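A look at the structure
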Amino acid sequence: MADVVQYRMERMLPELDDLEKEELFTRRELAEIVKQRRNFEFRLKRPSPLKEDYLAYIDYETKVDKLRRLRKKAKLPEWEDNEETKKKKRKRKSVSDFAGVRRILDVYRLAVTRFTGDLELWFRYLDFCKERRNGRIKEVLNKVIGFHSKQPSVWIYKAAWEFDNFSNVEAARNTMLQGLRFCKNSEDLWLEYLRMELTFLNKLKARKVALGEDEGSLVRDKISADEQQWKSENKDLYMPLHEERENDENNEGSDIEESKSRKKVDKLQEVGFGVIKTIYSEAVKALPSSFTLRKRFLEILKSINLAKSGEMREEVLSDMKRDFSTEPEYWDWLAKFEYNPASTQEEMGEEITFSCMGKAIQVYEDAIQVLPSAKMFKHYAKFLMGAVALLVGDNETSLDNQSASYVSRLLGLYQKADTIGCTDEELAYEHISLYLQLGRVDEAWKLAHNLCCGKFPNSAKVRVLWASIEMKHSTRDLISSSKDKLLSIFELVKDGLTRLSISEAESLWVMALKFFASQKHYFDMLVEVAVTSLIKYRGSDEGFSLSSIIVNFVLQKDGIAHARVMYKRFTALPRPGLVLYRTCIELETNLASNGDKTGLENARKLYVSALQTYDQDSSLWRDYWLMETKMGTSKTASDVSWRARKTLKDSSALSLADL
């Protein structure tokens, strides 16, 4: 290995001598470069060099070569003053001008030879060759295609290189067609092929325009709807050039020339239409189930100016309806295709906006007739809510006639979904939430009550809404609230808490604990329900620790003595959660640091109890040791350290500095 590295270093001598002779680097700088290169060469000669080793070497050499070029550029004025030096520089370039690039290419070659499957590395190699205009790029492209012929991006890169750098349309087309034989299921490849053909036709169009043989472009001009409407209303203000020529004496000759020009335009547009139609039909044959392919084709059609683009658009839309009418995503896309909220405010007037909304709503109405499903109703509801938000804007307190009609339609939509049995938990939640936003609390309560007692008895979201409505009504006049009312709320909450798991009922637990915090009788009954749930789910800590929440509530409400009684009860249950232990330990250590004599002893007992269940938790051992070092003695700390090393199966998880 050392011999190979030494050989490669010796090959750098002519370059280093040239850099010193040109006075681009000092001898000290060259010594540092040699040192760094030697280190990189040894790293590459290891049994298993990493990709990062090659990239680090490439980055270093790139910086050195960039510095060389900057210094050489700075010395040009000095060389221009010396005639003899000027003649030599014009005659030929020196060795150092090529050595840096050659070395980087060599490192890239070694890297891709070792990591042939790394496509990102290949593209970095290609980009470098392209940037430095190195003749090796064609060879590299052929190699990467040999290794990654199933990757569409490789074929797209090669076709773009041939098309952009050499204007070789035939070679680029052949590359695309060859790529489609290997990757016929690639949407990107089909669409890039279409864009390449249309770009070529647009270049031909631009050439004819430059020669005075044609006018316009195949790319559609972006004209807003208001501007288009104004032009149509004031078309008398515009006089086409051919109308002016009608008054000329050579009227017949002008008409002949104009008809010839039109034929040329039509011919070029017909070619473009034929290209897009052919590629579209072949792409659909290869990817008959791809919905995104059709959408992207329509986007391209929208951006080009072809004589029959409208016919092609209708054909694509018809094919999409035939193939995807059973999918909710199609109907949702079609409605948004008729009305685009992003462009409505900026490009459309108010009348056009409402007209487009009406078209979109009609699409959704057809969709729920053809495909009545919860997903379809959710798409429709989301669109209507977006329309209401767009119309209302910042003025959320009042609704105008138009937005009120959309709200009414939205409520009718939710009711229709419920009638035909398409309501799911999410739709039910949105329906109740809409009633609450409109201030129709009684209707929201009635709906939530019916759903919890009927279709969704185990729905956490719906039950939380129902309970929140009941509690808000009760808290308005808590003093005069009857015992029967509190009892009914408790029974409602209890029914939900016993039906749902602890993690599902998290919001309901927090809401209930806050509401009944001042009602000792009901709070104690809630604790009993919590104990039952903790025994059933074995104190699960996944995302929500009910026991630690209750301990904190009791601590704030009744003080430390009652909190200790409560956590001792929870820790006596089967497999209490680790979060509970940490909460109680933090509570006791805070008390100990404030002078409570029993705090430290209680914290030790909690650590011992927790480690009986979680003895392989290295962070728990570390926290125990840190507590003893701060509050205990050196003996107790060393005892904990010894026990941790003896108990833990993976002792490497502990830091030697900690224990």
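Conventions adopted
- Residues numbered from 1 in each chain as written.
- Predicted model: local features only at pLDDT ≥ 70, side-chain atom pairs only at ≥ 80, totals over all residues.
- Heavy atoms only, no water.
- UniProt positions renumbered as here; feature names shortened; annotations may be inferred.
- Helix = DSSP H or I, 4+ residues; strand = E, 2+ residues; numbered from the N terminus.
- Contact = heavy atoms within 4.5 Å.
- Areas by Shrake-Rupley, 256 points an atom, 1.4 Å probe, with all protein chains shown as cover.
- Phe/Tyr/Trp six-rings, centres within 6.5 Å; stacked < 30°, edge-to-face > 60°.
- Buried < 20%, exposed > 50% of the residue type's maximum accessible area, 1.4 Å probe, protein only.
- Lys NZ or Arg CZ within 6 Å of the ring centre and 35° of its normal.
- Polar contact = N/O pair within 3.5 Å; in protein donor to acceptor, adjacent residues only side chain to side chain.
- pLDDT = per-residue confidence, 0-100.
- Salt bridge = Lys/Arg side-chain N within 4 Å of Asp/Glu carboxyl O.
- Expected span 1.5 Å × (residues − 1).
- Arc of directions from axis to C-beta.
- Axes fitted to C-alpha atoms, helices over the stretch in contact; angles between N-to-C directions.
- Parallel < 35°, antiparallel > 145°, perpendicular 65-115°, else oblique.
- Left-handed = near helix turned anticlockwise from the far one by under 90°.
- Nonpolar A, V, L, I, M, F, W, Y, C, P; charged D, E, K, R; others polar.

The protein chain goes by Suppressor of forked domain-containing protein in an unreviewed UniProt entry, where it is assigned to Malus domestica. The Sequence similarities (unreviewed entry) field of the UniProt record for the protein chain holds the comment "Belongs to the UTP6 family."

A count of helical and extended segments in the protein chain gives 33 helices and zero strands. Partitioning the contacts of the protein chain with sequence separation of at least 6, the portion at a separation of at least 24 is 62%. Carbon and sulfur atoms provide 51% of the accessible area of the protein chain, an area that totals close to 37700 Å².

Once that is clear, we can look at the packing of aromatic side chains. What describes a pair of aromatic rings is the distance from one ring centre to the other and the angle between the planes of the rings. Tallied over the full model, the rule gives 22 aromatic pairs. Pairing Phe-40 with Tyr-60 gives two aromatic rings, centres 5.6 Å apart and planes at 40°, and the pair type is tilted. Within this pair, whereas Phe-40 is found in helix α3 (residues 27-44), its partner Tyr-60 is found in helix α4 (residues 51-81), the two being separated by 20 residues in sequence. You can call Phe-40 buried: its relative accessible area is 8%. Aromatic side chains Phe-291 and Trp-333 sit 5.8 Å apart centroid to centroid with 90° between the ring planes, which places their arrangement in the edge-to-face category. Of the two residues, Phe-291 sits in helix α15 (residues 291-303) while Trp-333 sits in helix α17 (residues 328-338), which places them 42 residues apart along the sequence. Take Phe-291: its relative accessible area is 11%, and that puts it in the buried class. Among the residues examined, Trp-333 registers a relative accessible area of 15% and is labelled buried. Three or more aromatic residues joined by ring pairs make a cluster, and in this case those are Phe-291, Phe-324, Tyr-330, Trp-331, Trp-333 and Phe-337. The side chain of Arg-71 reaches across the aromatic face of Phe-25, ending 5.0 Å from its centre. Here the basic side chain of Lys-130 rests over the ring of Tyr-157, its NZ or CZ set 5.6 Å away from the ring centre.

This part is about the environment of Glu-504. Looking at the secondary structure, you find Glu-504 in the loop between α25 (483-499) and α26 (506-515). For Glu-504 and Asn-458, which are 46 residues apart along the polypeptide, the C-alpha to C-alpha distance reads 9.8 Å. A polar contact of 3.3 Å, which involves the side chain of Glu-504, links it to the backbone nitrogen of Ser-501.

We now examine the confidence of the model for the protein chain. On average, residues of the protein chain carry a pLDDT of 83, and 82% of them reach 70 or more. Segment residues 236-249 is flagged for pLDDT under 50; beyond a separation of four residues in sequence, or across chains, it makes nine contacts in the model. Across residues 342-347, confidence stays below pLDDT 50; counting only partners more than four residues off in sequence or on other chains, it has seven contacts.

Tallied over the entire structure, the rule returns 50 salt bridges. Between Arg-71 and Glu-29 there is a salt bridge, with its nearest N and O atoms 2.9 Å apart. Remark: Glu-29 occurs in helix α3 and Arg-71 occurs in helix α4; sequence separation between them is 42 residues. Overall, the relative accessible area of 28% leaves Glu-29 in the partly exposed class. Where Glu-329 meets Lys-375, a salt bridge forms, and the shortest distance between an N and an O atom there is 2.7 Å. With Glu-329 in helix α17 and Lys-375 in helix α20 (residues 374-392), the pair connects residues that are 46 residues apart, well separated along the chain. Residue class for Glu-329 comes out partly exposed when judged on its relative accessible area of 33%.

A word on the side chain of Thr-571. Position of Thr-571 among the secondary structure elements: in helix α29 (residues 560-571). In this structure the side chain of Thr-571 is engaged in a polar contact, spanning 3.1 Å, whose partner is the backbone oxygen of Lys-568. In contact with Thr-571, other than residues within four places in its own chain, are Pro-576, Leu-580 and Tyr-581.

Three or four residues apart is the spacing at which side chains of an α-helix point the same way, because the helix has 3.6 residues per turn. Counted at 1.5 Å a residue, the expected span for α3 with its 18 residues is 26 Å, and the 26 Å between its end C-alpha atoms agrees. Where α3 is concerned, the buried positions are Leu-30, Ile-33, Arg-37, Phe-40, Glu-41 and Leu-44. Down the axis of α3, the smallest arc covering the buried residues is 100°, so these residues share one side.

All right, on to the packing of helix α1 (residues 2-10) against α3 then. In contact at an axis separation of 10 Å, α1 and α3 are set at 140° when each is read in the N-to-C sense. As judged from the angle between their axes, α1 and α3 are oblique. Considering the relative orientation of α1 and α3, their crossing is right-handed. Taking contact as the criterion, the partners of Ala-2, Val-5, Gln-6, Arg-8 and Met-9 in α1 are, on α3, Val-34, Arg-37, Arg-38, Glu-41 and Phe-42. The residue inventory of the contact of α1 with α3, partitioned by class, reads five nonpolar, one polar and four charged.

On to α29. Counted at 1.5 Å a residue, the expected span for α29 with its twelve residues is 16 Å, and the 16 Å between its end C-alpha atoms agrees. What α29 keeps buried is the set Ala-563, Arg-564, Met-566, Tyr-567, Phe-570 and Thr-571. End-on, the buried residues of α29 take up no more than an arc of 165°, which puts them together on one face. Opposite the buried face of α29, by more than 90 degrees, sit the exposed residues Val-565 and Lys-568. For α29, the elements touching its buried residues are α27 (520-537), α28 (546-558), α30 (578-593) and α31 (597-613).

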